[in-house]
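Residues per chain, in single letters:
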Amino acid sequence: MPLKVNADEAANKVPGTVAAMIVVKRTGGQVHMISGRNFWYHEEAAKVTAECKAQETNAEDPLFILYTSGSTGKPKGVLHSTCGYLVFASMTHQYVFD
């Protein structure tokens, strides 16, 4: 599956929307890189420190948006808050794994 080709085609359908793409080298195959937009993961990762201090957030701060097409075929986004999602994930882990 040509993931990079597919990602480029999708990004080109909405010009100006995608500022950067991180590309992970997996197969050793030829990959067309677009200067200024595509960056190799291993090169970018080598530029940063492994230390990442925790950032204090409010309970209702957004954590992520999960998109699904559902049964209508129209994208819908569900916004998960920081505290709500993490508390549920922790509780699920506690009860499932005892």
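Fair warning: this is a prediction, and the values are worked out from it, not measured in the lab.

J.: Would you take a moment to explain the state of the cysteines for this structure?
T.: Put plainly, two cysteines are in a disulfide when a covalent bond ties their sulfur atoms together. Taken as a whole, this structure holds 0 disulfides when the rule is applied. A disulfide-free cysteine, Cys52 has its sulfur positioned 20 Å from the sulfur of Cys83, the nearest such atom. The exposure class assigned to Cys52 is exposed, which follows from its relative accessible area of 71%. Since its relative accessible area comes to 34%, Cys83 is described here as partly exposed.

J.: Quick question: what am I supposed to make of unusual backbone geometry here?
T.: Residues other than glycine predominantly adopt negative phi, and peptide bonds predominantly adopt the trans conformation. Its identity as a non-glycine residue notwithstanding, Asp98 has a phi of 55°, on the positive side. Among the structural elements, Asp98 can be located in the segment after helix H3 (82-97). Residue Asp98 is classed as exposed on the basis of its relative accessible area of 86%.

J.: Can you help me understand the pattern of salt bridges in this one?
T.: Close approach of charged atoms allows side chains of opposite charge to pair. All told, the structure shown has 3 salt bridges when counted by the stated rule. The shortest N-O distance in the salt bridge between Arg37 and Asp8 comes to 3.0 Å. One end of the pair, Arg37, is in the loop between strand E1 (21-23) and strand E2 (38-40); the other, Asp8, is in helix H1 (residues 3-12), and 29 residues separate them in sequence. Of the two residues, Arg37 and Asp8, neither departs from the other in class, the shared state being buried. We note a salt bridge from Lys47 to Glu44, for which the minimum N-O separation is 3.1 Å. Judged by its relative accessible area of 63%, Lys47 is exposed. Relative accessible area serves as the criterion here: at 25%, Glu44 is assigned to the partly exposed category. Sharing partners across several salt bridges, the network here consists of Lys4, Asp8 and Arg37.

J.: What exactly am I supposed to notice about the environment of Val48 here?
T.: Position of Val48 among the secondary structure elements: in the loop between helix H2 (41-45) and strand E3 (62-68). Once the C-alpha coordinates of Val48 and Ile22 are considered, the two residues, 26 residues apart in sequence, prove to be 14 Å apart.

J.: How should I be thinking about H3 in this particular structure?
T.: Residues spaced three or four apart along an α-helix point in a common direction, a consequence of the helix completing one turn every 3.6 residues. The end-to-end C-alpha distance of H3 is 22 Å, a good match for the 22 Å that 16 residues give at a rise of 1.5 Å each. With a side-chain oxygen positioned 3.5 Å from the backbone nitrogen of Gly84, the residue opening H3 is Ser81.

J.: What is the right way to read H1 from this model?
T.: Burial in H1 covers these residues: Lys4, Asp8 and Ala11. Viewed end-on, H1 has its buried residues packed into an arc of 65°, placing them on one side of the element. Looking at the buried positions of H1, the neighbouring elements they touch are E1 and E2.

Criteria and cut-off values
- Residues numbered from 1 in each chain as written.
- Predicted model: local features only at pLDDT ≥ 70, side-chain atom pairs only at ≥ 80, totals over all residues.
- Heavy atoms only, no water.
- Disulfide = S-S within 2.5 Å.
- Buried < 20%, exposed > 50% of the residue type's maximum accessible area, 1.4 Å probe, protein only.
- Helix = DSSP H or I, 4+ residues; strand = E, 2+ residues; numbered from the N terminus.
- Salt bridge = Lys/Arg side-chain N within 4 Å of Asp/Glu carboxyl O.
- Expected span 1.5 Å × (residues − 1).
- Polar contact = N/O pair within 3.5 Å; in protein donor to acceptor, adjacent residues only side chain to side chain.
- Arc of directions from axis to C-beta.
- Contact = heavy atoms within 4.5 Å.

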